[in-house]
Amino acid sequence: MTVIYTCKYAPVELFAGFGETCAPFDDAPEDFAAADEFVHPNLCGFGKDVVQKALSGAIDQLVLVNCCDTNRRVFDIVKASGKCRFVYLLDLPHCADACAIDRFAFELGKLARAYAAFSGKAFNATAFRAAFAPQPPVDYDYVGLVGVRANHYTEQVVQAALSLPVRNLTCTGLRSVAPLDDAEDEDALFSAYAASLLGQIPCARMERTGGRRQILADPHLTGIVYHTLRFCDYYAPEGARWHAAAQVPFLQIESDYTKSGSEQLRTRVEAFAEELEGAQKKGPAMTITEDTLVAGIDSGSTSTDVVIMNGKREIVASAIIPTRGSASASAERSLQEALDQAGIPRKSIAAVVATGYGRDAIGSTDSSVTEITCHAKGAHYLNPQVRTIVDIGGQDSKAIAVDEHGNVTSFAMNDKCAAGTGRFLEMMARTLGVELAEMSTLGAKSGHAVSISSTCSVFAESEVVSLVANDMPLPDIVAGLNRSVARRTAALAKRVGVNDTCMMTGGVAKNEGVVRAIEEAMGHALVVDDRAQLAGAIGAALFALA
Amino acid sequence: MNVVSLFGRLVGEQAATNPEGARKILLAGYAAQQAKLSVAPNPRLPKSRQRIAVDTMKLVRNALDHPETAAATSLFTPTEFLHTAGVTPYSVEVISAFLAGTQCEQYWLRDAEQAGFPETLCSYHRTFLGALESGILPQPKSIVYTNIACDGNMVTFPHAEEAFNVPAFFIDVPWEHSEDSVAFVADRLRQLPEFVGDVHGTAPTDDDLSRCLVREQRCAADYGHYLDMQPTRYLANDMTSEMYAMVALRVMLGSELSESFARRLAAEIDAAPEADGLRLVWMHVIPNMLPPIVSALSFNDRAYIAATDIIVDGLATPIDPAKPYETLARRMVYSAYNGSTDLRIERALDLCRRTHADGVVYFAHWGCKMTLGAAHLAKTAIEDAGYPCLVLDGDGCDRVNTSEGQVATRLNAFLELLEARRAEQEA
């Protein structure tokens, strides 16, 4: 049976000395339904998944490392369940100095004795030594998938979007244990092994993490996709620091270890690919004259927007309709509405480019570009002075920094969470029993905004319910909600930098109260264009002309 | 808006442009608060608790006003090596709790988030990190920290070391409860006096440490007496005082302050009125700012905290003044907050038996993975032993992460359950 491990410091070679093979834990669950009964929801998805797999009986032998509080508790839970025949927690020091090496050697010896007792096998030093595989040199350009444990699923989504090879350099992927010197005698064997294991590029939970900069120093590293896991606290701060200092294109992504949210992940990685590999020509090959007509479709979660543009880059017609049913049906209806408006037949449209969540579901387009790149192009079209774009759509919110040509230089998106999005405001309007349009102006009548402290939409909803129950004036609650959205958005914008002219796009740009609150939170004025909601579709149309 | 939140806003907004000025305002506020606590202490509290409120305020002011004689520490750092040498523990958790008490924590939480610290990190650590980013916290002379009780330490202190640019001393505590681990930590602790001497000018001697441990023995006996009286007496208490007790018996353990607190407590409990309210064993940090908990468990002889595991943990292992390094190492290794959950459960059950507790509240502080991860195991084991256990989700520091209505409903329903159980037992 294979021994399953969860950390690059796990002594894989030691198990080879017992004739066992090891494999890293790797899975991409649909959900954590099976773990819910045993594990508090605020543990990281990796930990929850190890628990549910182990408790289902799918893991025979499990070696955990004392990497973090979650792994420690996973050990307690799995051990108490009695579901694994062998479960062990290897105590990993936080340092790599001489004392720590001695101690770790002692811990490795203890594990070897425990495994010998469990398996009835003897440790074979020759097999152990033979297990050290020399690492082939990396002499090609690659994108590093860095940060915390990414499963094969995330790795595949990232690789699918990029033409360069992706190397998994996350805390379980980056395992590189230097072979031991042949001259080591048996007694010194485990000390040398401990030094070798601790000599790897450190993980973020160690006392000294400076050695992690080796990852950045590799000249073949062409871009970084930095992965963090929700409820893992070790890697996000490093991600933020590296982002600020990165010499190569950088993308930070967060997952919960499940397969959900893959659409958002795909959008982000594809936008990153566009940044990394240069804005490739996305439009179909054709000759463009002043009379050429093209269409851009922005297939969003709330609305489907269409812009028809001519060869002079003038908007001929546009349409905004709510997204209902399938993305492709909504796209067809929206396109038809714009065509009717302009009084032109479908066949006179030379090219269609789609963007937004539904972009690849729309069959009848010539190509697709992510909404991040399109929003940037569209905002630049509306106002060439724009250098920062704040976009709040129905499903997500994002901040984009652009250069003088409308090219994306950096972007940040909120993570799988309704807070700070149009959906959040919709939910709250429903809770308050007011129309969305009313929400836009109601806050202005507030004498004193209440503080809505919850950033989680679920908590915020119950907070709002209590405020209503306490007879708090509606305008004060709305003003408080606007502030809570603004606080989150401003933090996002500051991550990419707030510079020069700053434009707000997306459906929420129509909400005056939120716009004012964001300006206040950022300490910077926002430009809102009447056509702001069309920015994505405009960008797509521009790509059709490119 | 009340005075405290106005003051918090003033400090928070000032910090954006003038962190030094913000610190001065903060310290002026704390000085005023200390004066108020000295001149007009809460008359409902016994002397011991009135006094520790003043002493804690003094400690915080001292750390922030005289950082040149302070060392930043975590809650499980053996501060005996510091206060015996005249170095003030600049406690991250206590300072965060005070910043939250001043209602300016949201400013620092925002700053921490902008610096990339995830909102899922423990809010005591996040508040500290944000305040550090903002520049309001003065640079201590050094840092002495350990990996227990939680990962928050390994996120916070290496970062603080870099940001403050001061020498740091790290005590790595092995996970396993064993004498090997004790020997390893004791070896590390033997290097600590030299570090303190080099950085702060005065090194604690072995005699200083031994004398300190003698005080701790007296303190443990007095606090033990206080615990033993719980089944029949109630000494007026509130959540904030319980938090201050943690300062006395953890952050300042072995000091005069700590000893006199326990001595007064022991004398006062003897004179306290007889009571037979619902006795709770509280596990984990004390959320002294969550209104529903404060109103349910403060100054209430019908339901109160009889013992808090994080406080008693500091006094749970044997004290041998002749062997200071081993004693202090053993306290760290055999802390209920280190190693497997079994010890934490066992210690909580000891407290239940000792105080004749009616039930246990397991406070699942947002972001504390070591506590959250053990919640299910602890609840099951405690209930199997015959004590009802409430896993109460909340956040002791960041108001954002708690739904007050839910906390109130759950805690009060639990108290009703305990009440009904008593009635049944008596019938």
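None of the values given here were measured: they were computed from a predicted structure. Going along each chain's sequence as written, the residues are numbered from 1 onward. Each chain gets a letter, beginning with A, and each ligand a number, beginning with 1, in the order they are written. Owing to the predicted nature of the model, reporting of local features is limited to residues with pLDDT of at least 70; listing and counting of side-chain atom pairs is limited to 80 or more, with chain, interface and lining totals taken over all residues. Derived side-chain values reflect all non-hydrogen atoms in the structure, with water molecules and hydrogen atoms excluded from consideration.

### Focus: the interface of chain B and chain A
Selection rule: The contact definition used throughout considers only heavy atoms, calling two residues in contact when any of these lie within 4.5 Å. Buried area: the accessible area, evaluated with a 1.4 Å probe, that two parts lose upon being put together, summed over both parts. For this analysis, a salt bridge means a side-chain nitrogen from Lys or Arg found within 4 Å of a carboxyl oxygen belonging to Asp or Glu.
Opposite the 44 residues of chain B that make contact, chain A presents 46 residues. Roughly 4,100 Å² of surface becomes buried between chain B and chain A when both sides are summed, with 55% attributable to carbon and sulfur atoms. When the buried area of chain B at its contact with chain A is split by residue, Asp151(B), Trp175(B) and Lys369(B) rank highest and sum to 16% of it. Applying the counting rule to chain B against chain A returns 7 salt bridges.

### A closer look at the pattern of salt bridges
Quick reminder of the rule: Strands here are runs of E lasting at least two residues and helices are runs of H or I lasting at least four, both read from the DSSP assignment and numbered beginning at the N terminus. Only protein chains enter the area calculation, which uses a 1.4 Å probe; residues under 20% of their type maximum are buried, those over 50% are exposed, and those in between are partly exposed.
Inspection of every chain in the model, using the stated rule, returns 50 salt bridges over all chains. The salt bridge partner of Arg208(A) is Glu161(B), with a shortest N-O separation of 3.2 Å. A residue pair is termed interchain when its members come from two chains, as with Arg208(A) in the loop between helix 7 (186-198) and helix 8 (213-217) and Glu161(B) in helix 8 (residues 152-164). Relative accessible area serves as the criterion here: at 49%, Arg208(A) is assigned to the partly exposed category. Since its relative accessible area comes to 15%, Glu161(B) is described here as buried. For the salt bridge of Arg423(A) with Glu426(A), the shortest nitrogen-to-oxygen distance reads 3.9 Å. Of this pair, Arg423(A) and Glu426(A) both sit in helix 13 (residues 422-432), separated by 3 residues, roughly a single helical turn. Residue class for Arg423(A) comes out partly exposed when judged on its relative accessible area of 30%. Residue class for Glu426(A) comes out partly exposed when judged on its relative accessible area of 23%. Several salt bridges share partner residues, and in doing so they unite Arg266(A), Glu270(A), Arg359(A) and Glu371(A) into one network.

### Some words on the domain arrangement of chain B
All names here are of chain B. The cut-off we apply is this: For the purposes of this description, domain bounds are those given by an automatic or database domain assignment. As used in this structure description, the phrase polar contact means that two N or O atoms lie within 3.5 Å; if the pair is within protein, one of them must be able to donate a hydrogen and the other to accept it, and residues adjacent in sequence are counted only when both atoms belong to side chains.
Along its sequence, chain B is carved into domain 1 (3-202) and domain 2 (207-426). Each of domain 1 and domain 2 has a C-alpha centre, and the two are 22 Å apart. If you look at the interface, domain 1 gives 60 residues, while domain 2 gives 60 residues. For the pair domain 1 and domain 2, the summed buried area comes to about 5,100 Å², and 67% of that belongs to carbon and sulfur atoms. Scanning the region where domain 1 abuts domain 2 turns up 4 salt bridges. Close ionic contact of Asp398 with Arg126 constitutes a salt bridge, the shortest N to O distance being 3.3 Å. At the surface where domain 1 touches domain 2, the tally comes to 20 residue pairs in polar contact (both at pLDDT 80 or more). Breaking the side of domain 1 that touches domain 2 down by element, the ones donating at least two residues are helix 3 (47-65), helix 4 (80-83), strand 2 (88-91), helix 5 (92-101), helix 6 (105-114), helix 7 (123-134) and helix 9 (179-189). It is helix 3 that contributes the most residues to the side of domain 1 that touches domain 2, 9 residues altogether.

### Thoughts on the side chain of Thr154(A)
Residue and element names in this part refer to chain A. Mapped onto the elements, Thr154 comes out in helix 6 (residues 152-161). A polar atom in the side chain of Thr154 sits 2.9 Å from the side chain of Asn151. What Thr154 contacts, discounting residues up to four positions off in sequence, is His227, Ile253 and Leu265.

### A few points about the packing of helix 3 (residues 69-81) of chain A against helix 18 (residues 369-384) of chain B
Rule in force here: Think of each axis as a best-fit line through the C-alpha atoms, taken over the contacting stretch in the case of a helix, with angles from 0 to 180 degrees between the N-to-C directions. Angle categories are assigned with fixed cut-offs, so that under 35 degrees is roughly parallel, over 145 is roughly antiparallel, 65 to 115 is roughly perpendicular, and the rest are oblique. Whether a crossing is left-handed or right-handed is set by the direction in which the near helix is turned from the far one by less than a right angle, anticlockwise for left-handed and clockwise for right-handed. Each residue gets one of three labels, nonpolar for Ala, Val, Leu, Ile, Met, Phe, Trp, Tyr, Cys and Pro, charged for Asp, Glu, Lys and Arg, and polar for the others, Gly among them.
Packing of helix 3 of chain A against helix 18 of chain B brings their axes to within 8 Å, and their N-to-C directions diverge by 15°. In terms of orientation, helix 3 of chain A lies roughly parallel with respect to helix 18 of chain B. Two packed elements cross with a definite hand, and for helix 3 of chain A against helix 18 of chain B that hand is right-handed. Residues Asp69(A), Thr70(A), Arg73(A), Asp76(A), Ile77(A) and Ala80(A) of helix 3 of chain A touch helix 18 of chain B, and the partners they reach there are Lys369(B), Met370(B), Gly373(B), Ala374(B) and Leu377(B). Among the residues forming the contact of helix 3 of chain A with helix 18 of chain B, the class breakdown is 5 nonpolar, 2 polar and 4 charged.

### Structural notes on the nonpolar core
Which entries qualify depends on this criterion: Only buried residues count toward a nonpolar core, which is a set of Ala, Val, Leu, Ile, Met, Phe, Trp, Tyr and Cys residues joined through side-chain atoms within 4.5 Å.
If you look at the biggest cluster of nonpolar residues, it comprises 239 residues, and the most contacted ones within it are Tyr90(B), Leu137(B), Trp282(B), Ile293(B) and Leu297(B). In this structure, Leu297(B) is in contact with Asn237(B), Met239(B), Leu280(B), Trp282(B), Ala303(B), Tyr304(B), Ile305(B), Leu411(B) and Leu415(B), ignoring residues within four places of it in sequence. Membership of the second largest hydrophobic core comes to 47 residues, among which are Leu251(A), Val294(A), Ile372(A) and Ile538(A).

### Observations concerning the pairing of strand 7 (residues 221-229) of chain A
Each regular strand shows side chains that alternate between the opposite faces of the sheet. Residues and elements named next belong to chain A. Defined as follows: By the convention used here, strands pair only if DSSP detects at least 2 bridges between them. Place the viewer so that the strands point away; then a crossover is right-handed whenever the path from the first strand over the helix to the second strand goes clockwise.
In terms of burial, strand 7 is largely enclosed, as 8 of its 9 residues are buried. By the bridge criterion, 6 bridges tie strand 5 (residues 142-147) to strand 7 in an arrangement that is parallel. Paired with Gly144 across the strands is Ile224, a residue of strand 7. Examined bridge by bridge, strand 7 and strand 8 (residues 250-255) share 6 bridges and lie parallel to one another. Across the sheet, the residue bridging to His227 is Ile253, located in strand 8. Once the chain exits strand 7 it traverses helix 9 (residues 236-245) before rejoining the sheet at strand 8, and the crossover so formed is right-handed.

### Digging into the packing of helix 11 (residues 206-228) of chain B against helix 13 (residues 256-271) of chain B
All names here are of chain B. As a packed pair, helix 11 and helix 13 sit with axes 8 Å apart at the nearest point and diverge in direction by 25°. Considered as vectors, helix 11 and helix 13 are oriented roughly parallel to each other. In this structure, helix 11 meets helix 13 at a crossing whose hand is left-handed. Residues Arg215, Arg218, Cys219, Asp222, Tyr223, His225 and Tyr226 of helix 11 lie in contact with helix 13, whose contacting residues are Glu256, Ser258, Glu259, Ala262, Arg263, Leu265, Ala266, Ile269 and Asp270. When its residues are assigned to classes, the contact of helix 11 with helix 13 shows 7 nonpolar, 2 polar and 7 charged.

### Considering the packing of aromatic side chains
Where we set the bar: Aromatic pairing here means that ring centres of Phe, Tyr or Trp (its six-membered ring) are within 6.5 Å. Orientation follows from the plane angle: under 30 degrees is stacked, over 60 is edge-to-face, and everything else is tilted. Here, over-ring charges are defined by two tests on the NZ atom of lysine or the CZ atom of arginine: distance to the ring centre within 6 Å, and angle to the ring normal within 35 degrees.
Applying the stated criterion across every chain yields a total of 33 aromatic pairs over all chains. Measuring from ring centre to ring centre gives 5.4 Å for Phe46(A) and Tyr257(A), while their planes differ by 85°; the resulting arrangement is edge-to-face. Of the two residues, Phe46(A) sits in helix 2 (residues 45-55) while Tyr257(A) sits in the loop between strand 8 and helix 10 (262-276), which places them 211 residues apart along the sequence. Just as Phe46(A) is buried, Tyr257(A) falls in that class too. Plain terms: the ring middles of Phe123(A) and Phe190(A) are 5.6 Å apart, the flat faces sit at 75° to each other, and that makes the pair edge-to-face. In this pair, Phe123(A) sits in the loop between helix 4 (98-119) and helix 5 (125-130) while Phe190(A) sits in helix 7, placing the two residues 67 residues apart along the sequence. On the basis of relative accessibility, which here comes to 27%, the residue Phe123(A) falls in the partly exposed class. Members of the aromatic cluster, each reached through a chain of ring pairs, are Phe15(A), Phe18(A), Phe86(A), Tyr88(A), Tyr115(A), Phe118(A), Phe123(A), Phe128(A), Phe132(A), Phe190(A) and Tyr193(A). Lying over the aromatic face of Phe184(B), Arg103(A) brings its terminal NZ or CZ to 4.8 Å of the ring centre.

### Side note on the environment of His380(A)
Residues and elements named next belong to chain A. Along the chain, His380 turns up in helix 12 (residues 371-382). On a C-alpha basis, the gap between His380 and Thr258 in space is 36 Å, while along the polypeptide they are 122 residues apart. With residues up to four places along the chain from it excluded, the contact list for His380 reads Asp403, Glu404, His405 and Gly406. In terms of polar contacts, His380 uses its side chain to reach the backbone carbonyl oxygen of Glu404, at 2.8 Å.

### Topic: the domain arrangement of chain A
We note that the domain assignment places domain 1 (3-134), domain 2 (293-374 + 538-545) and domain 3 (384-528) within chain A. The distance between the C-alpha centroids of domain 1 of chain A and domain 2 of chain A comes to 52 Å.

### What to know about the sheet that holds strand 2 of chain B
Residues and elements named next belong to chain B. Across the sheet, which stays open at both edges, the 4 strands sit in the order 2-1-3-4 with parallel pairing between neighbours. Only two strands of the sheet have a single partner each, and these edge strands are strand 2 and strand 4 (168-171). Each adjacent strand pair in this sheet contributes to an overall mean axis angle of 25°, direction not counted. In terms of strand pairing, strand 1 (residues 70-73) meets strand 3 (residues 142-146) through 3 bridges, oriented parallel. Paired with Ala71 across the strands is Ser142, a residue of strand 3. Set on the sheet, helix 10 (residues 192-200) makes contact with strand 1, strand 3 and strand 4; between it and strand 3 the angle comes to about 160°.

### A look at helix 10 of chain B
Residue and element names in this part refer to chain B. The element helix 10 is largely enclosed, with a buried count of 7 among its 9 residues. Within helix 10, burial applies to Leu192, Pro193, Phe195, Val196, Gly197, Val199 and His200. The inward-facing, buried residues of helix 10 contact strand 1, helix 4, strand 3, strand 4, helix 9 and helix 16 (324-333). Gly201 lies just past helix 10 and shows a positive phi near 95°.

### Concerning the sheet that holds strand 5 of chain A
The pairing of strands in a sheet happens through backbone hydrogen bonds and is either parallel or antiparallel. Residue and element names in this part refer to chain A. Spatially, 6-5-7-8 is the arrangement adopted by the 4 strands of the open sheet, whose pairing is parallel. Two strands bound the open sheet, and with one partner strand each, they are strand 6 (166-170) and strand 8. Adjacent strand axes in the sheet meet at a mean angle of 25°, parallel and antiparallel pairs treated alike. Contacting strand 5, strand 7 and strand 8, helix 10 crosses the sheet at an angle of about 170° to strand 8.

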